Amino acid sequence: MNITLYPALILEALSKVRYPGNGKNLVEAEMVEDDIRIDGMKVSFSLIFDRPTDPFVKSVVRAAETAIATYISEDVDIKGNIAVKYRQEVKAPARLLPGVRNIIGISSGKGGVGKSTVASNLAVALASLGYKVGLLDADIFGPSVPKMFGVEDEPVYMDQVDGRNLIAPVEKFGVKLLSIGFLVDKDNAVLWRGGMASNALKQLISDANWGDLDYFLIDMPPGTSDIHLTLVQTLAITGAIVVTTPQEVALADARKGISMFRSPQVNVPVLGIVENMSWFTPAEHPDERYYIFGNGGGTRLAETLGVDTLAQIPLVASICDNGDKGTPAAISNTVSGEAFRSLARSVVDAIDRRNNELPPTKKVEVKH
């Protein structure tokens, strides 16, 4: 039987096991440490008990192994992989990315709307305004940021920081970049299970030398998936930007994406909508507009849902050409370049309002 393992599935199985000392299940009693590791069908994690003399340690570990075999699959390699820790020994984990002030997720309801183009150019535009910017290409199965920055063949080096070997982000146009595209063969598909993809993404976040950043942008995969859940459970995301085109089919999917971020389980503030490909403008006639995908659908959706329209980005042939050549349009003195710089200023304002009006973001804790 083919089955994809992911942390939420493990937690759901462990929620079936009750700790005899208080009658609560292991998840409710906060006895499962946030260290679930998945490698194919092998699963490992830690259970936390109050004291070494707890009489239920062995029976609870066996019950946890049985629950995973019963509620997930007998093929899961779990026996002997559950570590035992005690609360007096458990220290609060260091906050991930302590030098990062704001984390922004760039999302889209569907593919093909130019999300990665918007994310790349927004990063470059923010850097051109003098901010320290990082960009993580979290689209595990379709990484495109390396090509857009012209660094597909760039070697990846390691930095030694406080005794740890950390991945050194590639720097281009004032932006620190990392992508799974740097670590895999660009000509072959990435054939990974969900758990493997999530673990690879966590490594690009926690095992990289991001340093001090004003804005850390995450180019998320299109749609909604385990990767989105991994990101909001791993990082306290300051806010999300949803990219769409004016087409009705794209707007319907954008609405679902916004609904995901606004759901009680996720609760990530939506900074606004970017309407991409709003109109076609010939490079030689910058004042002409042709609404080939519809007119103003993104702005109407923003009004309906009560979020800001951060920008309307025109469709100009040079945007695609520049992306293919590894020279983002945001570095140019063109209609496209100014559109992305305007977007950057809108994002800065939206982040400032969000930070002034809402409490600091926390990592999402998904209850089962």
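What you see is a predicted model; the values in this text were computed from it and never measured.

Participant: Account for the overall build of the chain, with residues named and values stated.
Facilitator: In terms of regular secondary structure, the chain is built from ten helices and 13 strands. Its C-alpha radius of gyration of 22 Å places the chain within 12% of the 21 Å reference for a compact globule of 368 residues. Taken over the C-alpha atoms alone, the chain extends approximately 80 × 45 × 45 Å along its principal axes. For the chain, the residues scored as buried account for 52% of the 368 residues in total. Relative to all contacts within the chain whose residues are 6 or more apart in sequence, the contacts with residues 24 or more apart total 74%. Total accessible area computed for the chain in this model is approximately 17600 Å², and 48% of it derives from carbon and sulfur atoms. Treating the 37 positive side-chain charges of the chain as one cloud and the 44 negative ones as another, the clouds have centres 6 Å apart.

Participant: Quick one: what's the story with the sheet that holds strand β13 (residues 309-315), residue by residue and with numbers?
Facilitator: One key point about sheets: their strands pair by backbone hydrogen bonds, in either a parallel or an antiparallel sense. Judged by pairing direction, the sheet is mixed, and its eight strands sit side by side in the order β8-β9-β5-β10-β4-β11-β12-β13 without closing on themselves. Edge strands, defined here as strands with exactly one partner in the open sheet, are β8 (170-172) and β13. The mean angle between the axes of side-by-side strands here comes to 25 degrees, regardless of whether they run parallel or antiparallel. As defined by bridge partners, strand β4 (residues 100-108) adjoins strand β11 (residues 239-244) across five bridges and the pair is classed as parallel. Within β11, the residue paired with S108 across the bridge is V243. Running over the sheet, helix α8 (residues 297-305) touches β11, β12 (270-280) and β13 and is turned about 160 degrees from β12.

Participant: Lay out the pairing of β11 in plain terms, naming residues and giving numbers.
Facilitator: For β11, a buried count of six out of six residues is recorded, marking the element as mostly surrounded by other parts of the structure. By the bridge criterion, five bridges tie β11 to β12 in an arrangement that is parallel. Counted as the bridge partner of V242 is I273 from β12. In terms of handedness, the path from β11 via helix α7 (residues 248-262) over to β12 forms a crossover that is right-handed.

Participant: Hey, could you go over the packing of α7 against α8 for me, with residue numbers and the actual values?
Facilitator: Packing of α7 against α8 brings their axes to within 11 Å, and their N-to-C directions diverge by 35 degrees. Here the hand of the crossing between α7 and α8 comes out right-handed. Counted together, L251, A254, R255, I258 and R262 of α7 and G297, G298, L301, T304 and L305 of α8 form the full contact between these two elements. Looking at the contact of α7 with α8, its residues break down into five nonpolar, three polar and two charged.

Participant: Explain helix α10 (residues 335-357) to me, using residue names and the numbers behind them.
Facilitator: The terminal C-alpha atoms of α10, which comprises 23 residues, lie 33 Å apart, in line with the 33 Å expected from a rise of 1.5 Å per residue. Among the residues making up α10, those that are buried are S336, G337, A339, F340, R341, L343, A344, V347, V348, A350, I351 and R354.

Participant: So what's going on with the nonpolar core? Which residues, and what values?
Facilitator: Grouped burial of nonpolar side chains is what soluble globular proteins tend to show. Judged by nonpolar contacts, the single largest core of 81 residues is most densely connected at F216 and L217. Among all residues touching F216, those that are not within four sequence positions of it are L97, V100, N102, I103, I104, G134, L136, W210 and L235. If you look at the next biggest cluster of nonpolar residues, it comprises 30 residues, including V17, V32, A67 and I78.

Participant: With reference to specific residues and values, describe the pairing of β4.
Facilitator: In the case of a regular strand, side chains alternate between the two sheet surfaces. The buried fraction of β4 amounts to eight of the nine residues, a majority that puts the element mostly inside the structure. Bridge count between β4 and strand β10 (residues 213-219): six bridges; the pairing is parallel. Bridging from a neighbouring strand, G105 pairs with I218 of β10.

Participant: Could you give an account of the sheet that holds strand β2 (residues 42-49), naming the residues involved and the relevant values?
Facilitator: With mixed pairing, the three strands of this open sheet are ordered in space as β1-β2-β3. Both outer strands of the open sheet, β1 (37-39) and β3 (82-86), are each paired with one neighbouring strand and no more. With direction set aside, neighbouring strand axes in the sheet form an average angle of 15 degrees.

Participant: Can you lay out unusual backbone geometry for me, pointing to particular residues and giving the numbers?
Facilitator: The phi angle of most residues is negative, glycine excepted, and most peptide bonds adopt the trans form. One non-glycine residue, E30, lies in the positive phi region at around 55 degrees. For E30, the position within the fold is in the loop between α1 (7-14) and β1. Of note in the backbone geometry, F173 takes a positive phi value of approximately 55 degrees without being a glycine. Relative to the helices and strands, F173 is located in the loop between β8 and β9 (175-179). For F173, a relative accessible area of 27% gives the class partly exposed.

Participant: Which residues make up the side chain of S107, and what values do they have?
Facilitator: If you trace the backbone, S107 turns up in strand β4. Apart from residues no more than four positions distant in its own chain, S107 is found in contact with K115, M220, G223, H228, I241, V242, V243 and F261.

Participant: An account of the pattern of salt bridges is requested, with residue identities and associated values reported.
Facilitator: One pass over the structure, following the stated rule, counts eleven salt bridges. For the salt bridge of E338 with R341, the shortest nitrogen-to-oxygen distance reads 3.6 Å. One end of the pair is E338 and the other is R341, both in helix α10 and three residues apart, which spans about a single turn. Judged by its relative accessible area of 35%, E338 is partly exposed. The network of salt bridges with common partners includes E338, R341 and R345.

Reading the values: the criteria
Residues numbered from 1 in each chain as written. Predicted model: local features only at pLDDT ≥ 70, side-chain atom pairs only at ≥ 80, totals over all residues. Heavy atoms only, no water. Helix = DSSP H or I, 4+ residues; strand = E, 2+ residues; numbered from the N terminus. Rg over C-alpha atoms; globule rule 2.2 N^0.38 Å. Buried < 20%, exposed > 50% of the residue type's maximum accessible area, 1.4 Å probe, protein only. Contact = heavy atoms within 4.5 Å. Areas by Shrake-Rupley, 256 points an atom, 1.4 Å probe, with all protein chains shown as cover. Lys, Arg positive; Asp, Glu negative; His and termini not counted. Charge placed at Lys NZ, Arg CZ, Asp CG, Glu CD. Pairing = 2+ DSSP bridges. Axes fitted to C-alpha atoms, helices over the stretch in contact; angles between N-to-C directions. Right-handed = clockwise from strand over helix to strand, strands pointing away. Left-handed = near helix turned anticlockwise from the far one by under 90°. Nonpolar A, V, L, I, M, F, W, Y, C, P; charged D, E, K, R; others polar. Expected span 1.5 Å × (residues − 1). Core = buried A, V, L, I, M, F, W, Y, C linked by side-chain atoms within 4.5 Å. Salt bridge = Lys/Arg side-chain N within 4 Å of Asp/Glu carboxyl O.

On their own, these measurements won't tell you what the molecule is for.
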